[in-house]
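# Residue-level structural notes
So the chains spell out like this:
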Amino acid sequence: MKHYLNAGYSVGSWLLTRDHKRIAILYLLSVTFFFFIGGAFATLVRLELMTPAGDLVISETYNKLFTMHGVAMIFFFLIPAIPTVIGNFLVPLMIGARDLAFPRLNLASWYLFTAAGLLALGSIIFGGVDTGWTFYTPYSTTYANTHVFLMAAAIFVAGFSSILTGLNFVVTIHKMRAPGLTWSRLPLFIWSTYATALLFVIATPVIGITLALIAIERLLSVGIFDPALGGDPLLFQHLFWFYSHPAVYIMVLPALGVVSELVATFSRKRIFGYGFVAGSSLAIAILGFLVWGHHMFVSGQSMYAGMIFSILSFLVAIPSSIKVLNWTATLYRGSISLRTPMLYAIGFMGLFTIGGLTGLFLATLGIDVHVTDTYFVVAHFHYIMVGGTVMAYMGALHYWWPKMTGRSYPEAWGKLSALIIFIGFNLTFFPQFILGYLGMPRRYHAYPEEFQVLNVLSTAGASILGVGYIFPMFYFIGSLFARKKIGDNPWGATGLEWRTSSPPPEDNFRETPVVTEEAYDFAKAEEPELP
């Protein structure tokens with residue numbers, strides 16, 4: 001049977017495709033490449049930190065390692081991964097459309113992302129960047145001798161890719177829903193993707209302008225951020241974090257939508273409080289613009305501003321907690337099936353909760369002064385981003401892999417990799433909470449000897465975590481060569497994407513679907529094919 005994968009085998013048919021599903025596969029290959037690039041830098045960082053003395057690399061090289069790890073992971077994996085791979089593949093399928101609203105623009109966004117990735121790789125090959133992924137001024141504009149301009153250009157171009165993707169999603173969700181698919185019937189993944197798309201369109205221009213200002217000051221010596229030239233370095237922090245805190249929700253909002261889909265399917269129940277869970281996605285997107293100042297509690301901003309940002313930071317935790325509480329209520333008395341995607345969803349709930357609660361520590365002024373720029377912040381951030389976003393991304397790949405490829409993966413290996421990742425992650429990052437509370441600063445390649453045991457534990461955990469991430473790559477690739485095909489709806493799920501063949505045809509549906517029931521109506525759902 002003809003489908004999107006066998007519609008053409010030439011390189012040109014892929015590189016010039018306007019099919020959102022093929023573009024999703026192109027993004028999958030791209031972000032996976034940068035995931036392993038960022039992981040390689042993280043490995044070197046952890047190897048350096050096994051011993052108290054800076055004996056593997058010199059301090060300048062260490063600065064480049066953690067900078068390039070952060071840039072590769074944040075701008076070229078965490079931000080684009082779920083929206084561009086899972087979102088690109090699923091948004092039209094989930095709303096009953098034949099493609100995104102602007103197919104050519106969708107392909108252009110991938111080319112922009114690829115061009116940005118090449119610029120970033122060029123910066124790395126030519127010697128790297130040592131400013132930290134935050135590019136704080138005036139160091140990045142005046143004193144750094146590394147390739148700041150090239151890396152800033154890479155992120156600038158990647159921003160255009162994000163804006164085009166967000167614009168495409170907003171228009172598609174507004175204008176191309178199937179008959180009967182009202183806003184109150186939308187899958188929760190669509191709600192979270194819609195909120196993310198709004199953030200893409202509204203927030204991303206800010207980081208683009210900020211990086212352009214860095215380039216202007218660095219190349220033309222115009223006083224914008226450098227106080228020696230009449231500039232204000234705190235202006236950069238305000239501009240950077242006005243984007244970068246919403247960017248945290250760009251990374252995690254799609255993950256929240258994925259987990260809603262997984263929890264509903266593998267508990268065979270409609271999400272408890274559907275309206276609250278959908279509304280909380282928009283609430284997170286709105287409130288995310290109001291809390292950037294909690295990154296600047298020790299920057300010298302006024303105490304009154306700090307108090308306001310502290311209160312707002314506590315407030316933004318409410319819609320996030322609504323989701324976790326409603327998922328838990330959904331699981332109650334559900335017919336729970338502990339398949340691989342569900343294991344990732346449960347792991348996400350635990351790790352995201354720890355990350356969120358420790359975020360409240362950092363929102364508290366007195367505690368934040370103590371742990372700012374320590375490994376407590378590193379641990380908190382990774383519990384949200386890696387324990388949250390990456391766990392959800394892995395769950396999404398395992399859940400929709402049969403739809404994307406028409407093949408299933410070995411369930412035993414899937415469960416084993418999920419367990420290894422969960423154990424490895426906690427062993428890597430939980431000791432860092434203790435290190436940070438005890439006062440170990442981040443971004444140092446040497447540290448007092450009393451911190452070595454916890455650092456060795458963290459490095460050992462990173463080794464286990466790396467193994468867990470490599471396993472799925474092998475069994476996913478192996479599954480493509482399996483002769484046995486899988487049915488169109490192996491999980492007995494309810495979304496429109498499961499009403500078409502696996503893999504889907506080029507135009508997604510033989511005829512336009514009509515929606516007559518609410519989301520997650522498992523009373524009318526098919527029985528799962530897989531035991």
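Read on for a plain summary of the structure.

Attention now moves to the packing of aromatic side chains. Summed over the entire model, instances satisfying the criterion amount to 45 aromatic pairs. Taking 5.5 Å as the distance between ring centres and 85° as the angle between the ring planes, the aromatic pair formed by Phe77 and Tyr393 counts as edge-to-face. Linking Phe77 in helix H3 (residues 59–78) with Tyr393 in helix H14 (residues 375–405), this pair joins segments that are 316 residues apart in sequence. With relative accessibility at 4%, the residue Tyr393 sits in the buried group. Taken together, a centroid distance of 5.3 Å and an interplanar angle of 70° make the contact between Phe266 and Trp491 edge-to-face. Of this pair, Phe266 sits in helix H9 (residues 233–267) while Trp491 is found in the segment after helix H16 (452–479), placing the two residues 225 residues apart along the sequence.

What follows concerns the nonpolar core. Within the largest apolar cluster, 152 residues are counted, with the highest numbers of intra-cluster contacts made by Phe76, Ile86, Tyr393 and Trp400. Looking at this core element by element, the count peaks at 19 residues for H9. The residues contacting Ile86, other than those within four sequence positions of it, are Ala81, Phe189, Tyr393, Ala396, Leu397 and Trp400. Listed in part, the 15 residues of the second largest apolar core include Val57, Phe66, Leu435 and Phe451.

Turning to the side chain of Thr204, a few remarks are in order. Tracing the backbone shows Thr204 in helix H8 (residues 188–220). Apart from the residues lying within four places of it in its own chain, the contact partners of Thr204 are Gly159, Ser162, Ile163, Leu199 and Tyr243.

Glancing now at the pattern of salt bridges. The final tally for this structure, using the stated rule, is six salt bridges. Residue Arg270 pairs with Glu518 through a salt bridge whose shortest N-O separation is 3.6 Å. With Arg270 in the loop between H9 and helix H10 (274–287) and Glu518 in the segment after H16, the pair connects residues that are 248 residues apart, well separated along the chain. Arg270 gets classed as partly exposed once you look at its relative accessible area, which sits at 27%. Overall, Glu518 belongs to the partly exposed group, its relative accessible area being 43%.

Reading guide: rules and limits
- Positions within a chain are numbered from 1, following the residues in the order the chain's sequence is written.
- With the structure being a predicted model, the display of local features is reserved for residues of pLDDT at least 70 and the display and counting of side-chain atom pairs for 80 or more, all residues being used for whole-chain, interface and lining totals.
- As a rule here, side-chain values cover all heavy atoms of the structure and leave hydrogens and water aside.
- Under the pairing criterion, centres of Phe, Tyr and Trp rings, with the six-membered ring standing for Trp, must be within 6.5 Å; the plane angle then separates stacked pairs below 30 degrees from edge-to-face pairs above 60, leaving the rest tilted.
- The secondary structure listing takes helices from DSSP runs of H or I that are at least 4 residues long and strands from runs of E that are at least 2 residues long, numbered from the N terminus.
- Burial status follows relative accessibility: with a 1.4 Å probe on protein chains alone, a residue under 20% of its type maximum counts as buried, one over 50% as exposed, and anything between as partly exposed.
- Throughout, nonpolar core names a set of buried Ala, Val, Leu, Ile, Met, Phe, Trp, Tyr and Cys residues whose side chains join them through atoms within 4.5 Å.
- The contact criterion used is simple: two residues touch if any of their non-hydrogen atoms lie within 4.5 Å.
- Any carboxyl oxygen of Asp or Glu within 4 Å of a side-chain nitrogen of Lys or Arg constitutes a salt bridge here.

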